[in-house]
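Remarks on the overall topology
So the chains spell out like this:
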Amino acid sequence: MQHFQYQPLYRDERIPGWTFSFYFSGIRMNGIYQQDGKIEWTSGKPDREIENILEKQVHDLMIFHVYDLKR
């Protein structure tokens, strides 16, 4: 996973939800990260075994960037 980026989904940043993007094996991946940790892939779903790995990495990054940094 390279070049991970995220931004608020809504203009009012108090409303939870974020878009994210990154590159994996040279392919740009995009998605929406919901407040409950659910991920919606907007660039096409990766293969199932890779999806589980990527979702864990996205979840870990979002916890760090969105929740841990606000403390």
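Our subject in this report is the structure included herewith. Given the structure is predicted, the values throughout are model-derived calculations rather than measurements.

Here we take up the packing of aromatic side chains. What the rule picks out here adds up to seven aromatic pairs. With 5.7 Å between their ring centres and 80 degrees between their planes, phenylalanine 20 and tryptophan 41 make a pair best called edge-to-face. Taken together, the residues phenylalanine 20 in strand β2 (residues 18-24) and tryptophan 41 in strand β4 (residues 39-41) connect sequence positions 21 residues apart. Overall, tryptophan 41 belongs to the buried group, its relative accessible area being 13%. One aromatic cluster in this structure is built from Phe4, Tyr6, Phe20, Phe22 and Trp41.

The sheet contact formed by strand β1 (residues 2-8) and β2 spans five bridges and is antiparallel. Looking at β2, one finds that glutamine 5 is bridged to serine 21. Relative to strand β3 (residues 27-33), β2 is paired through seven bridges, and the arrangement is antiparallel. Bridging across to β3, tyrosine 23 finds its partner in arginine 28. Turn length for the β2-β3 hairpin, with the two strands adjacent in sequence and antiparallel, is two residues, and the turn residue serine 25 shows positive phi of about 55 degrees.

Another point: the sheet that holds β2. In a beta sheet, neighbouring strands are held together by backbone hydrogen bonds and run either parallel or antiparallel to one another. Pairing within the open sheet is antiparallel, and its four strands lie in the order β1-β2-β3-β4. Two strands bound the open sheet, and with one partner strand each, they are β1 and β4. The average undirected angle you get between the axes of adjacent strands in this sheet is 25 degrees.

Moving on, we come to the environment of aspartate 12. Residue position: aspartate 12 is located in the loop between β1 and β2. Note: C-alpha distance between aspartate 12 and aspartate 60 (48 residues apart in sequence) is 24 Å.

Pairing between side chains of opposite charge can happen when the charged atoms of each approach one another. On inspection of all chains with the given rule, the structure shows two salt bridges. The salt bridge involving glutamate 51 is made with lysine 45; its shortest N-O contact spans 3.7 Å. Residue classification places lysine 45 among the exposed residues on the basis of a relative accessible area of 62%. Where aspartate 60 meets lysine 56, a salt bridge forms, and the shortest distance between an N and an O atom there is 2.9 Å. Taken together, the positions of aspartate 60 and lysine 56, both in helix α1 (residues 48-67) and four residues apart, correspond to about one turn of that helix. Under the relative-accessibility criterion, aspartate 60 is labelled partly exposed at 37%.

Calculation criteria
Residues numbered from 1 in each chain as written. Predicted model: local features only at pLDDT ≥ 70, side-chain atom pairs only at ≥ 80, totals over all residues. Heavy atoms only, no water. Phe/Tyr/Trp six-rings, centres within 6.5 Å; stacked < 30°, edge-to-face > 60°. Helix = DSSP H or I, 4+ residues; strand = E, 2+ residues; numbered from the N terminus. Buried < 20%, exposed > 50% of the residue type's maximum accessible area, 1.4 Å probe, protein only. Pairing = 2+ DSSP bridges. Axes fitted to C-alpha atoms, helices over the stretch in contact; angles between N-to-C directions. Salt bridge = Lys/Arg side-chain N within 4 Å of Asp/Glu carboxyl O.

So far we have only geometry, and geometry alone does not tell us how the molecule works.
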